Amino acid sequence: MCGRYVNKNTIDDVTDFFGPEFSIDISSQLNQSYNICPTQYSPVLYKSMGSLKLENMSWGLIPSWSKDNSFASKLINARVETIEEKPSFKNLVKKNRCIVIANGYYEWITTAEGKQPVYIHSKENVILMAGLWTSWGKVNSFTIITKNSEGILKNIHHRMPLLINHSDVNTYLDKKIDFSDSYKFYDAGFKYYKVSKKVNYPKNNDASCIKTID
């Protein structure tokens, strides 16, 4: 699963990454964080009225039919294998796909000294994680789609985010394309290293969170 992640990208970082072929409407400054936790706001790319839009949304999907926001801390991930069956997700798969902007994410491995956090990052400065979004009242929220882990990440956790390649962004966000045909496996060249246990606490949020330790 993906329970904490990092976005330190500025608007310039994102526009440089996508390049001039992508015209993206960015309505506000992007929230930057080295320790993004569920219910916090973070930048999400989606398509509306035929245009690409980037805005900060709340992590943890709140279904439109929910009576309150209690789902927010629970629906942070959606399994790609069952996404078209679950009541909270199946109606969003066609019309409300989104891409979560990130630089990397955290997982915890078991050691003799207890749970050890590691930071997983890519050969790309920006990674694009597949997601779904919806509106609940005035709150726009999202979930990150996960899949079975590949390669070296199998040593860390059995799940990983479903990644979208830069070249497949428009395909993934196209409502006319079936979900199963909207993405393909993308090898982001992930690497990982140990980081301080300070990331266990949401109040810790600076560049030292992703600093490698021995």
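Scroll up to find the structure this text is about.
First, a word on scope: everything that follows refers to the structure included in this document. Each residue is numbered by its place in its chain's sequence as written, counting from 1. Local features are withheld for residues below a pLDDT of 70 in this predicted model, meaning they are given only at 70 or higher, and side-chain atom pairs are given and counted only at 80 or more; totals for whole chains, interfaces and linings count all residues. As a convention, hydrogens and water are excluded, and side-chain values are obtained from all of the structure's heavy atoms.

**Considerations on the sheet that holds strand S13 (residues 191–194)**
Going by this rule: DSSP-based pairing: two strands are paired if at least 2 bridges between them are found. The numbering of helices and of strands both runs from the N terminus, where a helix is a DSSP run of H or I of at least 4 residues and a strand a run of E of at least 2. Only the contacting stretch of a helix is used when fitting its axis, a line to C-alpha atoms as for every element, and angles between N-to-C directions run 0 to 180 degrees.
Spatially, the 5 strands line up as an open sheet ordered S3-S1-S8-S9-S13, and their pairing is antiparallel. This sheet does not close on itself; its edge strands, each paired only once, are strand S3 (33–36) and S13. Geometrically, the sheet is characterised by an average inter-axis angle of 30 degrees between neighbouring strands, direction not taken into account. Note: strand S1 (residues 4–7) against S3, 2 bridges, orientation antiparallel. When the sheet's bridge partners are listed, Tyr-5 is paired in S3 with Ile-36.

**Section: the packing of aromatic side chains**
Rule in force here: Pairing of aromatic side chains requires ring centres within 6.5 Å, counting the rings of Phe and Tyr and the six-membered ring of Trp. Pairs whose planes differ by under 30 degrees are stacked, by over 60 edge-to-face, and all others tilted. Note on classification: 1.4 Å probe, protein chains only; a residue is buried when its accessible area is under 20% of the maximum for its type, exposed when over 50%, partly exposed between these limits. For a lysine, the NZ atom is tested; for an arginine, the CZ atom; a charge sits over a ring if that atom is within 6 Å of the ring centre and within 35 degrees of the ring normal.
Counted according to the given criterion, the structure contains 9 aromatic pairs. Each ring, one from Tyr-105 and one from Phe-190, has its centre 6.0 Å from the other, and the planes form 80 degrees; the classification is edge-to-face. With Tyr-105 in strand S8 (residues 104–111) and Phe-190 in the loop between helix H3 (169–173) and S13, this residue pair connects regions lying 85 residues apart in the sequence. Comparing Tyr-105 with Phe-190 shows no difference in burial state: the two are buried. For the ring pair Tyr-172 and Phe-179, a centre distance of 6.4 Å and an interplane angle of 65 degrees mean the geometry is edge-to-face. Like Tyr-172, the residue Phe-179 is buried in the burial classification. Linked through ring pairs, Phe-17, Phe-18 and Phe-22 together constitute an aromatic cluster. When the ring centre of Tyr-172 is taken as origin, the NZ or CZ atom of Arg-97, which lies over that ring, is 5.9 Å away.

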